[in-house]
Amino acid sequence: MFLDEFHRAEGSTVRISAQQASRFAKELADDFNPIHDPEAARFCVPGDLLFSLVLAKYGVSPKMSFIFKGMVGDNDPLDFIPSEANEFNISNGADKVYLRVERSGAIIKNPSLAETLSRNYVAFSGHNYPYTIQPLLTAQHVMLNPERPLVIYERMLFELDSLMVENPILEAKQAELIVKGKRGEVNLNFVIKSDGIEVGHGFKRLLVSGLIPHEQAVADKLVADYLQLKHNYQAAAQ
């Protein structure tokens with residue numbers, strides 16, 4: 001499984017180290033959000049890695065919803081108990097729920113489909129900042145606080161017309177930002193295509209907080225600093 005190097009399993013318990021999570025974010029998702037850096041004070045495992053693990057271990061259904069409830073830290077235990085239920089949680093096996101999964105329809109355990117969906121979704125998801133989110137913020141005259149740029153993954157959902165799809169590809173559609181004071185809700189919509197034909201759709205929702213009035217020079221520096229992190233990492237990896 002392509003995810004083997006990004007987690008370790010002990011029975012039904014999965015653990016993800018900060019280093020594994022960071023590599024997944026940077027190398028598969030092209031996501032350089034500092035919150036995924038191992039040394040980050042508020043480090044968390046990328047939600048896209050949890051999403052990918054669910055598809056790999058629980059299969060794919062025509063309609064699936066993923067609601068993120070908490071931030072997964074370095075080597076936190078994750079309980080991936082096998083289930084055929086339409087609703088289940090990924091938790092620490094005790095009182096902490098990290099992810100709520102809801103699904104309907106048939107369940108197909110096709111590793112190739114799960115991997116292709118995961119890789120395509122992760123590639124779409126990881127490019128949200130700065131390419132999509134920053135223009136949305138600018139259009140509404142707000143920006144992330146450079147002292148604490150907090151963007152939280154709240155949920156994602158997808159629907160497929162059929163599970164008999166080959167080489168599904170995600171294509172970004174219209175995105176929207178709803179601002180409520182210092183908080184905002186970003187909805188990033190997409191369609192799923194196979195051989196050029198639309199076979200499904202979905203969205204990713206992010207919550208942003210601590211929004212401040214837009215200042216072009218400050219916003220430009222925030223984007224430049226982000227892209228510099230990406231450049232530095234890729235240059236060191238060569």
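Residues numbered from 1 in each chain as written. Predicted model: local features only at pLDDT ≥ 70, side-chain atom pairs only at ≥ 80, totals over all residues. Heavy atoms only, no water.

### Quick word on the overall build of the protein chain
Link 1 in the chain: Of regular secondary structure, the protein chain possesses five helices and twelve strands.
Link 2 in the chain: The C-alpha atoms of the protein chain give 18 Å as radius of gyration, which agrees with the globular expectation for 238 residues (18 Å, within 12%).
Link 3 in the chain: Across its three principal directions, the C-alpha atoms of the protein chain cover 50 × 40 × 40 Å.
Link 4 in the chain: A sequence separation of at least 24 residues applies to 68% of the contacts in the protein chain between residues at least 6 apart.
Link 5 in the chain: Across the protein chain, 24 positive and 30 negative side-chain charges occur, with their mean positions spaced 5 Å apart. (Helix = DSSP H or I, 4+ residues; strand = E, 2+ residues; numbered from the N terminus. Rg over C-alpha atoms; globule rule 2.2 N^0.38 Å. Contact = heavy atoms within 4.5 Å. Lys, Arg positive; Asp, Glu negative; His and termini not counted. Charge placed at Lys NZ, Arg CZ, Asp CG, Glu CD.)

### Let's talk about helix 3 (residues 111–126)
Link 1 in the chain: Compared with an ideal rise of 1.5 Å per residue, which puts 16 residues at 22 Å, helix 3 spans 22 Å between its outermost C-alpha atoms and is within 8% of the ideal.
Link 2 in the chain: Among all positions of helix 3, only Leu-113, Ala-114, Leu-117, Ser-118, Tyr-121, Val-122, Phe-124, Ser-125 and Gly-126 are buried.
Link 3 in the chain: A distance of 3.0 Å separates the backbone nitrogen of Ser-112 from a side-chain oxygen at the start of helix 3, and that oxygen is part of Asn-110. (Expected span 1.5 Å × (residues − 1). Buried < 20%, exposed > 50% of the residue type's maximum accessible area, 1.4 Å probe, protein only. Polar contact = N/O pair within 3.5 Å; in protein donor to acceptor, adjacent residues only side chain to side chain.)

### Side note on the packing of helix 2 (residues 47–58) against helix 3
Link 1 in the chain: Remark: helix 2 packs on helix 3, axes separated minimally by 9 Å, with the N-to-C direction vectors making an angle of 165°. Taken together, helix 2 and helix 3 sit at an angle that is classed as roughly antiparallel. Seen from above, helix 2 lies across helix 3 with right-handed handedness. Residues Asp-48, Phe-51, Ser-52, Leu-55 and Ala-56 of helix 2 form the contact with helix 3, whose own contacting residues are Ala-114, Leu-117, Ser-118, Tyr-121, Val-122, Ser-125 and Gly-126. (Axes fitted to C-alpha atoms, helices over the stretch in contact; angles between N-to-C directions. Parallel < 35°, antiparallel > 145°, perpendicular 65-115°, else oblique. Left-handed = near helix turned anticlockwise from the far one by under 90°.)

### Quick word on helix 1 (residues 18–28)
Link 1 in the chain: For helix 1, the set of buried residues is Ala-18, Gln-20, Ala-21, Ser-22, Phe-24, Ala-25 and Lys-26.
Link 2 in the chain: Looking at the packing, one finds that the buried side of helix 1 touches strand 1 (8–10), strand 2 (13–15), helix 2, helix 3 and helix 5 (216–237).
Link 3 in the chain: Positive backbone phi, approximately 55°, marks Asp-30, located one or two places after helix 1.

### Digging into the packing of aromatic side chains
Link 1 in the chain: If you walk through the whole model with that rule in mind, you get twelve aromatic pairs.
Link 2 in the chain: Aromatic pair Phe-51 and Phe-66: ring centres 4.9 Å apart, planes at 70°, arrangement edge-to-face. Highlighted residues: Phe-51 in helix 2 and Phe-66 in strand 3 (residues 63–68), separated in sequence by 15 residues.
Link 3 in the chain: Judged by relative accessible area, which is 2%, Phe-51 ranks as buried.
Link 4 in the chain: For Phe-66, a relative accessible area of 0% translates into the label buried.
Link 5 in the chain: Taken together through their ring pairs, the aromatic side chains of Phe-51, Phe-66, Tyr-121, Phe-124, Phe-158 and Phe-190 make up a single cluster.
Link 6 in the chain: Over the aromatic face of Tyr-233 sits the side chain of Lys-26, whose NZ or CZ is 5.8 Å from the ring centroid.
Link 7 in the chain: Above the plane of the ring of Tyr-153 lies Lys-204, whose end atom (NZ or CZ) is 4.4 Å from the centre. (Phe/Tyr/Trp six-rings, centres within 6.5 Å; stacked < 30°, edge-to-face > 60°. Lys NZ or Arg CZ within 6 Å of the ring centre and 35° of its normal.)

### Re the side chain of Asn-187
Link 1 in the chain: Structurally, the position occupied by Asn-187 is in strand 10 (residues 183–194).
Link 2 in the chain: A polar atom in the side chain of Asn-187 sits 2.7 Å from the side chain of Arg-205.

### Here we look at the pattern of salt bridges
Link 1 in the chain: For the coordinates displayed, the defined rule picks out 15 salt bridges.
Link 2 in the chain: For Lys-26, the salt bridge goes to Asp-37, with nearest N and O atoms at 2.6 Å. Note that Lys-26 is positioned in helix 1 and Asp-37 in the loop between helix 1 and helix 2, a separation of eleven residues in sequence. The pair formed by Lys-26 and Asp-37 is uniform in burial state, with each residue classed as buried.
Link 3 in the chain: Here Arg-155 makes a salt bridge to Glu-154, at a shortest N to O gap of 2.9 Å.
Link 4 in the chain: You can call Arg-155 partly exposed: its relative accessible area is 25%. (Salt bridge = Lys/Arg side-chain N within 4 Å of Asp/Glu carboxyl O.)

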